[in-house]
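# Observations on the three-dimensional arrangement
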Amino acid sequence: MRIRRTMILETGLAVLALVGMPGMLRAASWPKKAFEWAAAKDALVSLYGTDTTSPSDRIELSAPLVAENGAIVPISIQTTLEGVRSISIVVEKNPRPLAATFEFLEGTIPAIDCRIKMAESSPVMVVVQTPAGLFSSVKKVTVTVGGCGQAHSG
Amino acid sequence: MGNTIKVKAKLKGDVADVKCLVVHPMETGARHDPDSGELVPRHHITQLSFALNGRSVLIANCSTAVSKNPYFRFSFAGAAAGDRLSVTWEDIKGKSDSIETILG
């Protein structure tokens, strides 16, 4: 009986959660396919339907010129573009280039700091999705020691 | 619950500045165990989400290329003291954790 009551309560809570959280419903599920592509171009097409982006000076991308440890490369992104829906980080020469994609909900300031892994020196591209299309900014990061595991064998 | 997540949120006016650190191995699947020499299976967070009073504010979709013990910093407007900020993650093995903090 106790188990059944818990189940009913949980189901009720789940329904309430679905009704009461429109923000949650807007969230897409984890884009598994986009993360699997070996080419940056394919990852972008999978995520956005196109790999065409317009370079924008309204995106500020901070990344180290030289990263001594490819396992921890700090990335800082901010943009003055309006209506930002998502920001993605693409590391062209990583085995799977799409590193992360952030979905911004209403009220969230379009800026993010995080740390990523880089297998080798590569251009790092940031793609910002807005209602006016896709915008991008690129920085080249030189990696001294790669961060995807292979370097440990040497 | 919440043992793997550290979150700090500072309110300035109605803007909350959020810093979050998650303890997770974020294994790429390409690394060899230094002792056994065997490949360590891929194990990474797939989605990490932040919600204010149950309304989503940021969703981080991650690959194995997000560093071990992921760190994120971002901010959002429309926050007030007493609001509930929750952080939840899910990984590729179906494990998850969450934490809730009160702003102010």
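Keep in mind that what you see is a predicted model, and the values were worked out from it rather than measured.

In terms of regular secondary structure, chain B is built from zero helices and seven strands. Its helices and strands taken in sequence order, chain B reads β-β-β-β-β-β-β from the N to the C terminus. Dimensions of chain B, computed from the C-alpha atoms along their principal axes, are close to 55 × 20 × 20 Å. In chain B, which comprises 104 residues, the proportion classed as buried is 38%.

What chain A contains, in helices and strands, is four helices and nine strands. Ordered by position from N to C terminus, the α and β elements of chain A give α-α-α-α-β-β-β-β-β-β-β-β-β. Looking at chain A alone, contacts between residues at least 24 apart form 66% of all its contacts between residues at least 6 apart.

Residues and elements named next belong to chain A. Regarding helix H4 (residues 40-48), the residues found buried are Ala40, Ala43, Leu44 and Leu47. All buried residues of H4 fall inside an arc of 95 degrees around its axis, so they share one side. Summarising the contacts, the buried residues of H4 are in contact with helix H3 (32-36), strand S5 (86-91), strand S6 (98-104) and strand S8 (122-130). Of the residues trailing H4, Gly49 is marked for its positive phi of about 85 degrees.

Read across the open sheet, the six strands follow the order S2(A)-S4(A)-S7(A)-S5(B)-S2(B)-S1(B); overall the sheet is antiparallel. Each having just a single partner strand, strand S2 (59-62) of chain A together with strand S1 (5-12) of chain B make up the two edges of the open sheet. Shown here is a sheet whose adjacent strand axes are inclined to one another by a mean of 10 degrees, direction ignored. With eight bridges joining them, S1(B) and strand S2 (residues 15-22) of chain B adopt antiparallel strand pairing. Residue B:Val7 lies in a different strand from S2(B), and its bridge partner there is B:Cys20.

Turning next to the pairing of S2(B). Residue and element names in this part refer to chain B. The two faces of S2 differ: Ala16, Val18, Cys20 and Val22 on one face are buried, but Val15, Asp17, Lys19 and Leu21 on the other face are not. Between S1 and S2, which pair antiparallel one after the other, the connecting turn spans two residues, and Gly13 there sits at a positive phi close to 65 degrees. Here six bridges tie S2 to strand S5 (residues 71-76), and the two strands are oriented antiparallel to one another. Paired with Val18 across the two strands is Phe74, which belongs to S5.

Turning next to the environment of B:Ile5. All names here are of chain B. In this structure, Ile5 sits in strand S1. Taking the number of C-beta atoms within 10 Å as the measure of exposure, Ile5 has 21 and is therefore buried. When sequence neighbours within four positions are dropped, the list of residues in contact with Ile5 reads Cys20, Val22, Val87, Asp97 and Ile99.

On the side of chain B, 31 residues touch chain A, which itself brings 37 residues to the contact. Considering each element in turn, the side of chain A that touches chain B owes the most residues, seven residues, to S6(A). Taken together, the residues of the side of chain A that touches chain B break down into 21 nonpolar, 10 polar and six charged. Two strands pair when backbone bridges link them, and strand S7 (residues 111-116) of chain A and S5(B) are joined in this way by two bridges, in the antiparallel orientation. Along S5(B), the bridge assignment pairs A:Cys114 with B:Phe72.

Soluble globular proteins tend to bury their nonpolar side chains together. Membership of the largest hydrophobic core comes to 63 residues, with the highest contact counts inside it found for A:Ile89, A:Val90, A:Ala99, A:Ala100, A:Ile116, B:Leu58 and B:Val66. Beyond its immediate sequence surroundings of up to four residues, B:Leu58 is in contact with A:Phe102, A:Glu103, A:Phe104, A:Leu105, A:Thr108, B:Phe50 and B:Phe74.

One can find B:Thr64 in the loop between strand S4 (55-62) and S5. In this structure the C-alpha to C-alpha distance between B:Thr64 and B:His43, which are 21 residues apart in sequence, comes to 7.7 Å.

This brings us to the confidence of the model for chain A. Mean pLDDT for chain A: 86, with 78% of residues reaching 70 or above. Low pLDDT, under 50, characterises residues 15-26 of chain A; the predicted model gives this stretch 10 contacts beyond four residues in sequence or across chains.

The rules behind these values
Residues numbered from 1 in each chain as written. Chains lettered and ligands numbered in written order. Predicted model: local features only at pLDDT ≥ 70, side-chain atom pairs only at ≥ 80, totals over all residues. Helix = DSSP H or I, 4+ residues; strand = E, 2+ residues; numbered from the N terminus. Buried ≥ 20, exposed ≤ 12 C-beta atoms within 10 Å, placed from the backbone. Contact = placed C-beta atoms within 7 Å. Arc of directions from axis to C-beta. Pairing = 2+ DSSP bridges. Axes fitted to C-alpha atoms, helices over the stretch in contact; angles between N-to-C directions. Nonpolar A, V, L, I, M, F, W, Y, C, P; charged D, E, K, R; others polar. Core = buried A, V, L, I, M, F, W, Y, C linked by C-beta atoms within 7 Å. pLDDT = per-residue confidence, 0-100.

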